[in-house]
Amino acid sequence: ALFQDDVKRMFAYSSVAQIGFITLGISFVTEAGLTAAMTHLFNHAIMKAGIFMLLGGVMFRLASVKLEDMAGIGRKMPFTMGGIVILGLGLIGTPGTSGFISKWWIVLAALEKDQWWLVALILVASLITMLYVGRIVEVAYFREPSAKAASVREAPLAMLIPAYVLVAATIYFGLDTNWSVGLAQQAAADLLAGLY
């Protein structure tokens, strides 16, 4: 993901790491681990669907999702890029987003198994995510608009509204975990009860 110039491909590769977190949670075979896996599966689906919907808006207006073509687009498509930034923060695991809740549960599951080295790996993976999300932020907001981005305008509301439902969900499930984590905990307990 770090070395991609196509933003869709970058986020597609990032899904490999996120699926690794889900698999890690399952591998603990504990209530905390299964809760973490199911919560992250749910939260990742929300974040990644929102990102790809917003990138669809970029593609619609810019006819490209290459980093060099997206230079300066943050000023031209503030709602589209603002949503991508918020969802990117969720992928990193920033507090206040659903991604933080997922990673918190994965860390709790690792600590429950005394696997401190896994906590360090989770932190490193989050820092790597920060690097490629940071690349997008730097290009979109801190560079002069590219020739393609110079005449671009905001994505249509018909594209922004459904994507912003997912942006709002990313924030909501980062602040209120009763539904997401609560259901995952119950499902994890039921699964483990069936195993033993």
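No experiment lies behind these values; they were computed from the predicted model shown.

Asker: What should I look at first to understand the confidence of the model for the chain in this one?
Answerer: Do not read the predicted coordinates in detail wherever pLDDT is low. Per-residue confidence for the chain gives a mean pLDDT of 94; residues scoring 70 or more make up 99%. Confidence, read as mean pLDDT per element, is least for helix H8 (residues 180–195) in the chain (91) and greatest for helix H7 (residues 157–175) (97).

Asker: I tried to follow the environment of Leu192 on my own but got confused; where do I start?
Answerer: Assignment of secondary structure puts Leu192 in helix H8. Between the alpha carbons of Leu192 and Thr170 there is a distance of 28 Å; along the sequence they are 22 residues apart. Setting aside residues no more than four positions away along its own chain, Leu192 makes contact with Val29, Thr30, Glu31 and Leu34.

Asker: Please explain the side chain of Asp6 as it appears in this structure.
Answerer: Locating Asp6 in the fold gives a position in the segment before helix H1 (7–27). Here Asp6 occupies a buried position and makes no salt bridge, while the nearest side chain of opposite charge, Lys66, is found at 4.2 Å. Here the side chain of Asp6 touches Lys8 through a polar contact of 3.0 Å, landing on its backbone nitrogen. Asp6 has contacts with Val65 and Lys66, leaving out every residue within four places of it along the chain.

Asker: Explain the environment of Leu175 to me, please; I cannot follow it from the model alone.
Answerer: Topologically, Leu175 is positioned in helix H7. The exposure class of Leu175 is exposed, given its relative accessible area of 66%. Along the primary structure Leu175 and Glu154 are separated by 21 residues, whereas in three dimensions their C-alpha atoms are 29 Å apart.

The rules behind these values
Residues numbered from 1 in each chain as written. Predicted model: local features only at pLDDT ≥ 70, side-chain atom pairs only at ≥ 80, totals over all residues. Heavy atoms only, no water. pLDDT = per-residue confidence, 0-100. Helix = DSSP H or I, 4+ residues; strand = E, 2+ residues; numbered from the N terminus. Contact = heavy atoms within 4.5 Å. Buried < 20%, exposed > 50% of the residue type's maximum accessible area, 1.4 Å probe, protein only. Lys, Arg positive; Asp, Glu negative; His and termini not counted. Salt bridge = Lys/Arg side-chain N within 4 Å of Asp/Glu carboxyl O. Polar contact = N/O pair within 3.5 Å; in protein donor to acceptor, adjacent residues only side chain to side chain.

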